[in-house]
Amino acid sequence: MATKKINLLGVPIDIFKTQDFENTIMDLLNKEGPKQIVFLSVWDLLKARGRNAYAECVRNADLIIPVSKSILSGARFLQKEMPYRWNPFETVINIMTVLETHYKSIYMLGGRKRTLMSAEKNVRNTFSNLQIVGRYVGYYPKSVESDVISAIYKASPSLVLMSDGVRDKDCWFYNRREKFNHSIFLYFGDAVDIFSERKKHVDKSVFEKGNEIWGEIMRNPLKIFLIFPFIWYKILLVWYRLFVKEQ
């Protein structure tokens, strides 16, 4: 793949150009075995610095895509090569467009039944050459998980798009990776809700300004307390700038 990795506070991040997007996705798809793409926010980056299951998941992901403006400013502050910041929803659309162009397939996992059915219908109407080879709701009982895994394994889709209701989120795939032999796995929590038109995606101008957090705080005022890990992030950047040499 035409990608380059940098480390930011000990967490790997991929850099690749927008013009290389299609080749990057197809190279990833053609890579042997199951693969994972992870969207990395600044909050995820802080979590990935620890010794936990999520950190292991991120470090072993095949493509780690930064989605927070603060990650870019952090890279600039540490005088590292600047990664490109990707809008999660637009990136999902671009991935599906690439797959449609090459007549590939998708499996949708997550959301409630009615919402998932509406999302599937809209995806079919929008991506007519992208084959939907299966779907299953989120919030499913643990007793049926083996059936879900078996269905994905047999369908062997190019992309498994995971959404709200998938237990363990990004770690769902990583914790079960030995049970799959193909496919790219990607978790985007809002995917089904947006495709079903139940929820609006972040406006492009809002995203470009890095103001999407305010919309999240409006929906969930408790997220105002994210200011504390953000302050910690800034402190870590200063510490690394002064005392830590990082490749």
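Source: prediction; values computed, not measured.

Q: Outline the packing of aromatic side chains, listing residues and values.
A: Enumeration over the complete set of coordinates arrives at 15 aromatic pairs. Measuring from ring centre to ring centre gives 6.1 Å for Phe39 and Phe188, while their planes differ by 90°; the resulting arrangement is edge-to-face. Residue Phe39 is located in strand 3 (residues 35-40), and its partner Phe188 is located in the loop between strand 8 (184-187) and helix 9 (191-195); the two are separated by 149 residues in the primary sequence. Grouping residues by exposure puts Phe39 and Phe188 together as buried. By way of ring pairs, the aromatic residues Phe16, Phe21, Tyr84 and Trp86 are connected into one cluster. Over the aromatic face of Tyr54 sits the side chain of Lys47, whose NZ or CZ is 5.0 Å from the ring centroid. Here the basic side chain of Arg177 rests over the ring of Tyr174, its NZ or CZ set 3.8 Å away from the ring centre.

Q: Let's hear about the pairing of strand 8: which residues, and what values?
A: Sheet faces and side chains relate simply in a regular strand, where the side chains alternate between the two faces. Alternating residues of strand 8 divide into Ile184 and Leu186 and Phe185 and Tyr187, and every residue in both groups is buried. In this structure, strand 3 lies alongside strand 8, joined through 3 bridges in parallel fashion. In the sheet register, Lys35 faces strand 8, and the bridge partner there is Ile184. Relative to strand 8, strand 7 (residues 159-162) runs parallel, the two sharing 4 bridges.

Q: Tell me about helix 11 (residues 212-219), residues and numbers included.
A: Among the residues of helix 11, Glu212, Ile213 and Ile217 are the ones counted as buried. Each buried residue of helix 11 lies within a common arc of 145° when the element is viewed along its axis, so the set occupies one face. Summarising the geometry of helix 11, the exposed residues directed more than 90 degrees from the buried face are Trp214, Met218 and Arg219. Where helix 11 is buried, its residues contact helix 2 (42-48) and helix 10 (204-208).

Q: A description of a nonpolar patch on the surface should follow, citing residues and the corresponding values.
A: Judged by side-chain polarity, Trp214, Leu222, Ile224, Phe225, Ile227, Phe228, Ile231, Trp232 and Ile235 come together as a nonpolar surface patch covering roughly 990 Å² of accessible area. Among the elements that make up the nonpolar patch, the one with the highest residue count is helix 12 (residues 227-243) (5 residues). With respect to the secondary-structure elements, Phe225 resides in the loop between helix 11 and helix 12.

Q: Residue-level account of unusual backbone geometry, with values.
A: Backbone geometry places Leu9, a non-glycine residue, at a positive phi of 55°. With respect to the helices, strands and loops of the structure, Leu9 is situated in the loop between strand 1 (4-8) and strand 2 (11-15). For Leu9, a relative accessible area of 2% corresponds to the buried category. Backbone geometry at Gln79 places phi at a positive 60°, although glycine is not the residue there. On the secondary structure map, Gln79 appears in the loop between helix 4 (69-77) and helix 5 (88-101).

Q: Explain the state of the cysteines residue by residue, including any values.
A: Each disulfide is one covalent bond, formed between the sulfur atoms of two cysteines. Counted according to the given criterion, the structure contains 0 disulfides. Not engaged in a disulfide, the cysteine Cys57 finds its nearest cysteine sulfur in Cys171; these two sulfurs lie 4.3 Å apart. Overall, Cys57 belongs to the buried group, its relative accessible area being 0%.

Q: Which residues make up the nonpolar core, and what values go with them?
A: By size, the foremost hydrophobic cluster in this structure holds 35 residues, and its most contacted members are Ile37, Met96, Leu159 and Phe195. Sort the elements by how many residues they give to this core and helix 5 lands first, with 6 residues. Not counting chain neighbours up to four residues away, the residues in contact with Phe195 comprise Phe89, Val92, Ile93, Met96, Ser118, Ala119, Asn122, Val123 and Leu161. By size, the runner-up hydrophobic cluster in this structure holds 26 residues, among which are Leu9, Ile15, Leu40 and Tyr54.

Q: Tell me what's going on with the packing of helix 4 against helix 12, and back it up with residues and numbers.
A: Remark: helix 4 packs on helix 12, axes separated minimally by 10 Å, with the N-to-C direction vectors making an angle of 20°. Judged by the inter-axis angle, helix 4 sits roughly parallel to helix 12. Helix 12 is crossed by helix 4, and the crossing has right-handed handedness. Counting all contacts with helix 4, which are made through Ser70, Ile71, Ser73, Gly74 and Phe77, the residues of helix 12 involved are Phe230, Tyr233, Lys234, Leu237, Val238 and Arg241. Of the residues assigned to the contact of helix 4 with helix 12, the class counts are 6 nonpolar, 3 polar and 2 charged.

Conventions used here
- Residues numbered from 1 in each chain as written.
- Predicted model: local features only at pLDDT ≥ 70, side-chain atom pairs only at ≥ 80, totals over all residues.
- Heavy atoms only, no water.
- Phe/Tyr/Trp six-rings, centres within 6.5 Å; stacked < 30°, edge-to-face > 60°.
- Helix = DSSP H or I, 4+ residues; strand = E, 2+ residues; numbered from the N terminus.
- Buried < 20%, exposed > 50% of the residue type's maximum accessible area, 1.4 Å probe, protein only.
- Lys NZ or Arg CZ within 6 Å of the ring centre and 35° of its normal.
- Pairing = 2+ DSSP bridges.
- Arc of directions from axis to C-beta.
- Contact = heavy atoms within 4.5 Å.
- Patch = residues over 30% accessible without salt bridge, like charges linked within 9 Å, V, L, I, M, F, W, Y side chains within 5 Å.
- Areas by Shrake-Rupley, 256 points an atom, 1.4 Å probe, with all protein chains shown as cover.
- Salt bridge = Lys/Arg side-chain N within 4 Å of Asp/Glu carboxyl O.
- Disulfide = S-S within 2.5 Å.
- Core = buried A, V, L, I, M, F, W, Y, C linked by side-chain atoms within 4.5 Å.
- Axes fitted to C-alpha atoms, helices over the stretch in contact; angles between N-to-C directions.
- Parallel < 35°, antiparallel > 145°, perpendicular 65-115°, else oblique.
- Left-handed = near helix turned anticlockwise from the far one by under 90°.
- Nonpolar A, V, L, I, M, F, W, Y, C, P; charged D, E, K, R; others polar.

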